[in-house]
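# Structural overview for review
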Amino acid sequence: MIVDLTATQMGSLQTSTNLSNKSCLCVSGRGVQGLSVVRQVGFSWLLQGQRKSRKIQSLCVRSSFSNGGGGSAPDEKVSESLLLGAERDGSGSVVGFQLIPHSGDATMVECHDIEADDLSEDAEEMDKTPIKLTFNIIFVTAEAAPYLNGGRSDEKYANVVDLDVRATVHCFGSAQEVSFYHEYRAGVDWVFVDHPSYHRPGTPYGDIYGAFGDNQFRFTLLCHAACEAPLVLPLGGFTYGEKCLFLANDWHAALVPLILLLMFKCSRCRLLAAKYRPYGVYKDARSIVAIHNIAHQGVEPAATYKNLGLPPEWYGALEWIFPTWARAHALDTGETVNVLKGAIAIADRILTVSQGYSWEITTPEGGYGLHELLSSRKSVLNGITNGIDIDDWNPLTDEHIAAHYSINDLDGKVECKTALQKELGLPIRPDCPLIGFIGRLDYQKGVDIILSAIPELMQNDVQFVMLGSGEKQYEGWMRHTENLFKDKFRAWVGFNVPVSHRITAGCDIIVMPSRFEPCGLNQLYAMRYGTIPVVHSTGGLRDTVKDFNPYAQEGKGEGTGWTFSPLSSEKLLDTLKVAIGTYTEYKPSWEGLMKRGMERDYSWENAAIQYEQVFDWAFIDPPYVI
């Protein structure tokens, strides 16, 4: 499980793969024995800006520590020589814990006062410059690139070290011990949470047989560990402290807002209260829940509430009752606990991954039963379109594609197309429209719409390639269709990252007939590669693809692709015919489409500015307290 922790000043928020001038911690679940499997669920503090200088009244430099044997032991573990001392701001809030030596065990040298005149001119200028409040941002998530899975032997974990810190989590009727591993990478402290329940193959959620039966337990551990880590992990000599903003991603991390509230408010809740309440822990913290896919909510039987480590009187925040028609049998009362519902009710702010999706989840059709609750919290609900890794997805440098190209030189795209046709065994025809689909083969992605449209589409002079895995019925259909249309259709069952890059670069059109799409990334990748998206008008697809009218302004109008609605094979076919006609008959218009898509900015730098605004808003109001 992964926890990201970063402490700097608010400036330009970036993803963990593109951070500068930041410190961050990321925690991930892994197996103790051999560390063969890593499962990530995490939290991260990401802040950027200019750190405000402070006038230091006293400075003491530690030269050595006594090891009890009459000499110095500079190589001994810090945990054996240092204590955690609370560091507070002007209001008395705990902002961190500083490592200080045990009384009598350390030799201190060069202790002297530093006057204001000792500060550098640059520091004095910094004091005069208005800056934003410094605080910590923690991302809690079940997965984060590149730490989705793998073992200690993998190159991406080569620099991960055991922090030698253990924390006890009380849940599910027992005390569970978790440990933490750490890597400092690109300005980010990545911390991985370890517990035996994470020692298994598959994804963080399941394997080839389906979802893991103990996911509620595994993610409950993650959430408790995420709330402990800022207080107990000494990184760079200090803990992050309690003045934090937690961003909990989806239901896997959705207990975090409730645990924070528990640690702040409850003065009689067993160990947590005894451990943290005397310090006023998290009284200045804030929480944001980010909804990536509201179809997944962490719903379990009502009897499992007692396992979550929350007070009995808070049950109503998570209570969820299924309507009669959705119950399994006549004796089923429909009573459950819904972890995501609790986070939506308690969090200080709510985010989704596109503006369109933030509206859709407030509707009966898109809210999956939570639309009324979300509608009641519209004032704190925002949508921010995800960014993409513009270094990994760059046609000018992509190592997976046959030729490089750019908005100023598109010749390489034709080479990518012919190379893809050759690789797939299709007739090499540079002028034949090549259409692609990349994604999961399931109902959400509208694969059944493609299935219905293919027979008629294959009557046109086109080629079609599909890459994906999922439901067996769709995998079988893809293989069957490939046999029916040997010169026009190719199926790649499974998922292959290099092939996905080559399809994105080599195709002329990408189709995405998703029933709902919170954000969507493939349309963003496609536009960056000069490949035109044809998408269902929903969620992030509607937000990011601007319709093009080939008959307006003599074909020189704005637009980056086509959207269609309602969702049907007939409407998909109609829209594809317009796209194909534009490709074959209006080459200058098509090139304009390609270039407009390629010049769009969908980097995380752009999204970061919007995240920062939401973070600021979260601290305007006092923390939510029930």
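The name given to the protein chain in an unreviewed UniProt entry is Starch synthase, chloroplastic/amyloplastic, and the organism recorded there is Anisodus tanguticus. Turning to the protein chain, the UniProt annotation filed under Sequence similarities (unreviewed entry) states: "Belongs to the glycosyltransferase 1 family. Bacterial/plant glycogen synthase subfamily." We quote the UniProt Pathway (unreviewed entry) comment for the protein chain here in full: "Glycan biosynthesis; starch biosynthesis."

This paragraph deals with the environment of Cys416. In this structure, Cys416 sits in helix α10 (residues 411-424). Taking C-alpha positions, Cys416 is 8.4 Å from Cys507, a pair spaced 91 residues apart along the chain.

Burial of nonpolar side chains together is a common tendency in soluble globular proteins. Phe180, Val256, Tyr282, Ile291, Leu310, Leu318 and Leu340 are the most contacted members of the largest nonpolar core, which has 68 residues in total. Here this core takes 10 residues from helix α3 (residues 215-232), the largest share from any one element. Once residues within four sequence positions are removed from consideration, Tyr282 is found in contact with Cys227, Pro230, Leu231, Gly241, Glu242, Cys244, Phe246, Leu260, Met263 and Phe264. Of all hydrophobic cores here, the second largest spans 47 residues; its members include Ile449, Val534, Phe548 and Ala579.

At a minimum axis distance of 9 Å, the contact between helix α11 (residues 447-457) and helix α16 (residues 569-585) shows a crossing angle of 50 degrees. By the angle between their axes, α11 is oblique relative to α16. Viewed along their axes, α11 and α16 form a crossing whose handedness is right-handed. Seen from α11, the contacting residues are Ile449, Ser452, Ala453, Glu456 and Leu457; seen from α16, they are Ser569, Leu572, Leu573, Leu576, Lys577 and Ile580. A breakdown of the residues in the contact of α11 with α16 according to their chemical character gives seven nonpolar, two polar and two charged.

Moving on, we come to the sheet that holds strand β18 (residues 335-338). Taking strand neighbours across the sheet as the criterion, the three strands line up as β16-β18-β17 in an open arrangement whose pairing is antiparallel. The open sheet has two free edges, formed respectively by β16 (299-301) and β17 (319-321), since each of these has just one partner strand. Averaged over neighbouring strand pairs, the angle between their axes works out to 45 degrees when direction is ignored.

Within the secondary structure layout, Asp601 lies in the loop between α17 (587-598) and α18 (604-620). A sequence separation of 211 residues divides Asp601 from Ile390, and the C-alpha atoms of the two residues are 9.3 Å apart.

Taking strand neighbours across the sheet as the criterion, the six strands line up as β23-β22-β21-β24-β25-β26 in an open arrangement whose pairing is parallel. On the outer flanks of this sheet lie β23 (489-493) and β26 (562-564), each paired with one strand and no other. If you compare each strand with its neighbour and ignore which way they point, the axes differ by 20 degrees on average. Running over the sheet, helix α12 (residues 472-484) touches β22 (463-468) and β23 and is turned about 145 degrees from β23. Running at roughly 80 degrees to strand β25 (residues 532-536), α17 makes contact with β24 (509-512), β25 and β26 of the sheet.

In this section: the pattern of salt bridges. Under the criterion given, the structure shown has 14 salt bridges. Across the pair Arg185 and Glu183 runs a salt bridge, and its minimum N-O distance is 2.9 Å. Residue Glu183 is classed as buried on the basis of its relative accessible area, which comes to 3%. The salt bridge partner of Lys472 is Glu475, with a shortest N-O separation of 3.6 Å. Placement of both Lys472 and Glu475 in helix α12 is noted, with a separation of three residues, approximately one turn of the helix. Look at Lys472 and you get exposed, because its relative accessible area is 66%.

Of all five residues making up β25, five are buried, and the element is well covered by its neighbours. Across the two faces of β25 the burial is the same, with Ile532, Val534 and His536 and Pro533 and Val535 all buried. Of the strand pairs in this sheet, β24 and β25 are connected by four bridges, and their pairing is parallel. The partner of Ile509 across the bridge, within β25, is Ile532. As for the winding sense of the linkage, the β-α-β connection from β24 through helix α14 (residues 522-528) to β25 is right-handed. The pairing of β25 with β26 spans three bridges and is classified as parallel. Bridge pairing in β26 links Val534 to Trp562.

Moving on to empty space enclosed by the protein. The final tally for this structure, using the stated rule, is four cavities of 30 Å³ or more. In this structure, the second largest cavity encloses a volume near 60 Å³. Lining the second largest cavity we find Ile388, Ile390, Leu524, Met527, Arg528, Gly597, Met598, Arg600, Tyr602 and Ser603. At the level of elements, α14 and α17 are the ones that each hand at least two residues to the lining of the second largest cavity.

So, about a negative patch on the surface. A grouping of Asp389, Asp391, Asp392 and Glu399 is seen on the molecular surface, where their side chains present a negatively charged patch. Inspection of the secondary structure assignment puts Glu399 in the loop between β20 (381-383) and α10.

So, on to α3. The first and last C-alpha atoms of α3 sit 25 Å apart over 18 residues, in line with the 26 Å expected at 1.5 Å per residue. Burial of α3 is extensive: 17 of the 18 residues sit out of reach of the surface.

Another aspect to go through is the packing of α10 against helix α13 (residues 497-506). Relative orientation of the contacting elements α10 and α13 amounts to 125 degrees, with a least axis distance of 8 Å. Looking at the two axes, α10 sits oblique to α13. Between α10 and α13 lies a crossing of left-handed hand. Together, Lys413, Cys416, Lys417, Leu420 and Glu423 of α10 and Val499, Arg502, Ile503, Thr504, Ala505 and Gly506 of α13 make up the contact between the two elements.

Our focus in this paragraph is the side chain of Gln421. Tracing the sequence through the fold places Gln421 in helix α10. A relative accessible area of 0% places Gln421 in the buried class. With near-sequence residues (within four places) excluded, Gln421 lies in contact with Leu426, Pro427, Ile428, Arg429, Pro430, Leu434 and Gln463.

Quick notes on the rules
- Residues numbered from 1 in each chain as written.
- Predicted model: local features only at pLDDT ≥ 70, side-chain atom pairs only at ≥ 80, totals over all residues.
- Heavy atoms only, no water.
- UniProt positions renumbered as here; feature names shortened; annotations may be inferred.
- Helix = DSSP H or I, 4+ residues; strand = E, 2+ residues; numbered from the N terminus.
- Core = buried A, V, L, I, M, F, W, Y, C linked by side-chain atoms within 4.5 Å.
- Buried < 20%, exposed > 50% of the residue type's maximum accessible area, 1.4 Å probe, protein only.
- Contact = heavy atoms within 4.5 Å.
- Axes fitted to C-alpha atoms, helices over the stretch in contact; angles between N-to-C directions.
- Parallel < 35°, antiparallel > 145°, perpendicular 65-115°, else oblique.
- Left-handed = near helix turned anticlockwise from the far one by under 90°.
- Nonpolar A, V, L, I, M, F, W, Y, C, P; charged D, E, K, R; others polar.
- Pairing = 2+ DSSP bridges.
- Salt bridge = Lys/Arg side-chain N within 4 Å of Asp/Glu carboxyl O.
- Right-handed = clockwise from strand over helix to strand, strands pointing away.
- 1 Å grid on protein atoms, 1.4 Å probe; cavity = no way out; pocket = protein on both sides within 12 Å on 5 of 7 lines; lining within 4 Å.
- Points joined across faces, edges and corners; volume = space filled by probe spheres on them.
- Patch = residues over 30% accessible without salt bridge, like charges linked within 9 Å, V, L, I, M, F, W, Y side chains within 5 Å.
- Areas by Shrake-Rupley, 256 points an atom, 1.4 Å probe, with all protein chains shown as cover.
- Lys, Arg positive; Asp, Glu negative; His and termini not counted.
- Charge placed at Lys NZ, Arg CZ, Asp CG, Glu CD.
- Expected span 1.5 Å × (residues − 1).

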